[in-house]
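Architecture at a glance
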Amino acid sequence: MSDTQQEQKPERQLDHRYDAFAKVTGRAKYAAEFPVKDVAYGYIVQADIPSGIVAAIDQSAASRASGVLYILTPFNAPKLGELGNVNVLQNADVLYSGQPIAVIVARSLPEAQHAATLLRITYNEKPAKLDFNNLLGDARPPKRGGASNRGDMAASAAKAAATLDQTYSTPIQNHNPMEPHATIASWEGDKLNVYDATQGITGVQQNLARAFSIPQTNVHVECPYTGGGFGCKGYVWSHTILAAMAAKVAQRPVKLVLGREQMFGPVGSRPNTLQHIKLAASADGKLLVQQHDSTCYTSFISDWVESAANQTTLLYASESLSTSHKIVPLNLGMGTWMRAPGEATGSVGLEIALDELAEKLNIDPVQLRVVNNAEKDPRQGKPWSGKHIAECYTQAADRFGWSKRNAKPGQHREGNKLIGHGMATANYGAGRSPSSAVVRILPNGRVFVGIGTQDLGTGTYTILAQAAALALAMDPALVDVKLGDTALPRSGGSGGSTTAASVCPAVYDAAAQAKLKLAQVATADAQSPFHGATAEDLDTKDGKLFLKSSPEKSEPIAALIARNGGQPIEGTATSELPKDREAFTSHSWGAVFAEVAVDADTHMVQVRRVVATYDIGTLLNDKTGTNQLVGGIVWGISMALLEESHIDTRYGRTVNENFAEYHVPVNADVYEIDVTCLNIPDFRFNPLGARGIGEIGITGAAAAIANAIYNATGKRVRDLPITPDKLMTA
Ligand code: MOS
């Protein structure tokens, strides 16, 4: 969108997800579902020691097993080119239990899995580092970044009326989208075709091109639908490269799907955090000191940091501040992005700490946050492109009935249930990346949108149909959208809550370009009622071209195209970032309130109600947007009460690598969730006024629940998840 065009909010939304019908009828195909002729099945064999070297793999029995076509090991795998941090059989080192150490290629998956049991693997074991709590002495700063300082901490602390010094912890979590990672790879000469479950088709294309030393244009990646991403599918993991390697050596297409248990290790995790927080405030609640030091595990593969303290640098104003991160290397799989990486965990520590400070100061927890509102970005003093956090607190508190809360813990009882109320602030950054798109106005009255992004199930198809419809003032139901194909104009990865703000302006601009071309055709056409007018005088609405100065003068677009060769009118565009983007900070905000009922005998917690209001700029689609926020809150319930990967500190395997024992909320765990958005556009950030929405829902949610549990019981559990045993012994 050019600066001269008026910024707009979508008037017409699609009532249903663009892809709803394809999803419910099974027509929508996920990566592993594409029919590929002569496809063979790959199965990854994982190391079962946490540290050492694969000394030998005797594959004689496995090679003779039914259906086996090829067995890849570190001893026969082809050497690849440039690689990321992935274990793809380039050496025999074992850095964690679960690491891929072989791939069986067979006619069928059961045959591949059976052959895997016949491999005779011998190791030279080395001592492993596995117990985080006993290895805190190994903690070191990451190779890059992670610390921040402002003001004079000692001088600020000296003025304090109240102080807090506590430690909070969150566990390792593993991604479990409904669709596990999956790849189908096939070669035609030195051209590689891939169906991959991914959050970034371009990243997959680049990584495969580098790994196999072929031009990027030789790699074609398709991913029309992704069954959930949440960060794990933002990285190109070993299985994608191993599938392509297996297809090459077996000389036929290979499908490689990770089993549910293989989601725990080879495709990253959210590292645990141990957060030390010190706060000091004056009697009126103004923060003088914020100190947030977070330590997490990292693998021996790379320095990955769960940057829990980063959000503390900008969320509240304070006279002084100090944040830092440290990592403890362990023989576990890599850390990676998981929904709101940093904010999800950091808001647990900081927002519980603020609840504790509010009690010490005898100030309402909402009021404590209001008085510490950062009017500007505290890091460099830049203005926010949009911030309406005060309205979030007010609206959510009203809808929740916060004024009726009893601040004294343990006072509200309903039979055997202890009732409590708590709140927290939600926050997440807003970013954009450049993106290109093509829009074609078709002779049949429909419009085609093509863009090389992907829809994780979040609603990208839906909002792109709306963006084109907005530019052309037409019904979004008449827009056809094609995504998830590297043959389409290039776009960024779907992560970091950046997608909507990156891709919608590109499609809007491409549609505006198509409209301009259409107007140029009309003004040059002797039979057009607009012959001789200038293109800028014309606009479109509901499939007609009209004169802006006298809108009753119009002609159907289909008639114009039919008279002029009957070919689609195409517009392309690349959306650029705002020229003044360095002049402000863009961030999203929210307030989340929770009501819990804790059984006095069993200590089971029921999250009865969550009420949250978000300032995320324009809400592009009520259904898909609100759905993402609700999903984030459900994950917050999971963080607060259920979710945790248990590491066996002798053998290094995740003990609960299945859905029976890795607990996530089911419908029976989720009661009323009331989500509203202020829907105030942020036009400085983006011409559609929309900031990201994918991650903010999880932030603050777990802390609000933890604070409600304290209000209900008077027991402060600072180690998540808050399971009944912890409440019983607190
Ligand atoms: Mo998100 S953790 O950037 O997919």
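Below is a short write-up of the structure. (Residues numbered from 1 in each chain as written. Predicted model: local features only at pLDDT ≥ 70, side-chain atom pairs only at ≥ 80, totals over all residues. Heavy atoms only, no water.)

This part covers the environment of C232. Along the chain, C232 turns up in the loop between β11 (219-222) and α6 (238-250). C232 sits in the buried class, given a relative accessible area of 0%. Separated by 56 residues in the primary sequence, C232 and N176 place their C-alpha atoms 8.8 Å from one another. When neighbours within four sequence positions are excluded, C232 is seen to be in contact with H175, P177, H181, Q199, W237, V267 and W337. (Helix = DSSP H or I, 4+ residues; strand = E, 2+ residues; numbered from the N terminus. Buried < 20%, exposed > 50% of the residue type's maximum accessible area, 1.4 Å probe, protein only. Contact = heavy atoms within 4.5 Å.)

Right, let's talk about the sheet that holds strand β23 (residues 554-556) for a bit. Sheet architecture is open: three strands sit in the order β21-β22-β23, paired in antiparallel fashion. Strand pairing shows two members of the sheet lacking a second neighbour, β21 (538-541) and β23, which therefore form its edges. Sheet twist, expressed as the mean angle between neighbouring strand axes with direction ignored, is 25°. For β21 and strand β22 (residues 544-547), the ladder comprises four bridges, and the chain directions are antiparallel. By the bridge assignment for β22, K541 is matched with K544. Across the sheet, helix α11 (residues 499-524) is in contact with β21 and β22; its angle to β21 comes to roughly 120°. (Pairing = 2+ DSSP bridges. Axes fitted to C-alpha atoms, helices over the stretch in contact; angles between N-to-C directions.)

Strand order in this open sheet of three strands is β4-β2-β6, and the pairing throughout is antiparallel. Two strands bound the open sheet, and with one partner strand each, they are β4 (93-94) and β6 (120-125). Inspection of the sheet shows strand β2 (residues 52-58) paired to β6 by six bridges, in the antiparallel sense. Bridged to D58 within β6 is R120.

It is worth spelling out empty space enclosed by the protein at this point. Overall, the coordinates contain three cavities of 30 Å³ or more when judged by the stated rule. Across the lining of the largest cavity, the residue classes tally to seven nonpolar, seven polar and one charged. For the second largest cavity, the calculated volume is near 70 Å³. Lining the second largest cavity are N85, V86, N87, Y96, P100, W237, S238, G265, P266, I301 and M334. Within the lining of the second largest cavity, the residues separate by chemical class into seven nonpolar, four polar and no charged. (1 Å grid on protein atoms, 1.4 Å probe; cavity = no way out; pocket = protein on both sides within 12 Å on 5 of 7 lines; lining within 4 Å. Points joined across faces, edges and corners; volume = space filled by probe spheres on them. Nonpolar A, V, L, I, M, F, W, Y, C, P; charged D, E, K, R; others polar.)

Bringing the pairing of strand β9 (residues 182-188) into the picture now. Across the seven residues of β9, six count as buried, placing the element largely inside the fold. As defined by bridge partners, β9 adjoins strand β12 (residues 254-257) across four bridges and the pair is classed as antiparallel. For A182, the partnering residue across the bridge sits in β12 and is V257. By the bridge criterion, six bridges tie β9 to strand β10 (residues 191-196) in an arrangement that is antiparallel.

Glancing now at α6. Helix length check: α6 (13 residues) gives 18 Å between terminal C-alpha atoms against 18 Å at 1.5 Å per residue, within 8%. Buried residues of α6: S238, H239, T240, I241, L242, A243, A244, M245, A246, A247 and A250, and no others. (Expected span 1.5 Å × (residues − 1).)

Before going further, it helps to examine the packing of aromatic side chains. Under the defined criterion, the tally for this structure stands at 14 aromatic pairs. Measuring from centroid to centroid gives 5.2 Å for F264 and Y662, while their planes differ by 75°, and the two rings are edge-to-face. With F264 in the loop between β12 and β13 (273-281) and Y662 in the loop between α13 (622-641) and β27 (672-677), the pair connects residues that are 398 residues apart, well separated along the chain. Y662 shares its class with F264; the two are buried. (Phe/Tyr/Trp six-rings, centres within 6.5 Å; stacked < 30°, edge-to-face > 60°.)

What follows is about the nonpolar core. Nonpolar side chains tend to gather and get buried jointly when the protein is soluble and globular. Ranked by size, the top nonpolar core spans 78 residues in total, and within it L279, L357, F593, V596, Y614 and I705 carry the most contacts. Examining the composition of this core, we find that nine residues originate from one element, helix α7 (residues 343-361), more than from any other. Once you skip the residues sitting within four places of it in the chain, Y614 turns out to touch C392, A426, W589, G590, L629, I633, V675, T676, C677, L678, I696 and G697. (Core = buried A, V, L, I, M, F, W, Y, C linked by side-chain atoms within 4.5 Å.)

As a further point, take the environment of D648. Tracing the chain through its elements places D648 in the loop between α13 and β27. Its relative accessible area of 15% is what places D648 among the buried residues. Between the alpha carbons of D648 and A40 there is a distance of 34 Å; along the sequence they are 608 residues apart. Not counting residues within four places of it along the chain, the set of residues in contact with D648 comprises L130, R653 and V655.

Let us now look at unusual backbone geometry. Each neighbour pair has its own omega, and for L720 with P721 the value is -5°, a cis peptide bond. Within the secondary structure, P721 sits in the loop between α14 (701-713) and α15 (724-729). Phi at L89 is positive, roughly 65°, even though this residue is not glycine. Looking at where L89 falls in the secondary structure, it is placed in the loop between β3 (68-72) and β4. L89 gets classed as buried once you look at its relative accessible area, which sits at 4%.

For the rest of this paragraph, the subject is the packing of helix α5 (residues 201-211) against α6. In contact at an axis separation of 11 Å, α5 and α6 are set at 50° when each is read in the N-to-C sense. Judged on the interaxial angle alone, α6 and α5 are oblique. Relative to α6, the crossing made by α5 is right-handed. When α5 is examined against α6, the residues V204, L208 and A211 are found in contact with a partner set consisting of T240, I241 and A244. Classifying every residue of the contact of α5 with α6 gives five nonpolar, one polar and no charged. (Parallel < 35°, antiparallel > 145°, perpendicular 65-115°, else oblique. Left-handed = near helix turned anticlockwise from the far one by under 90°.)

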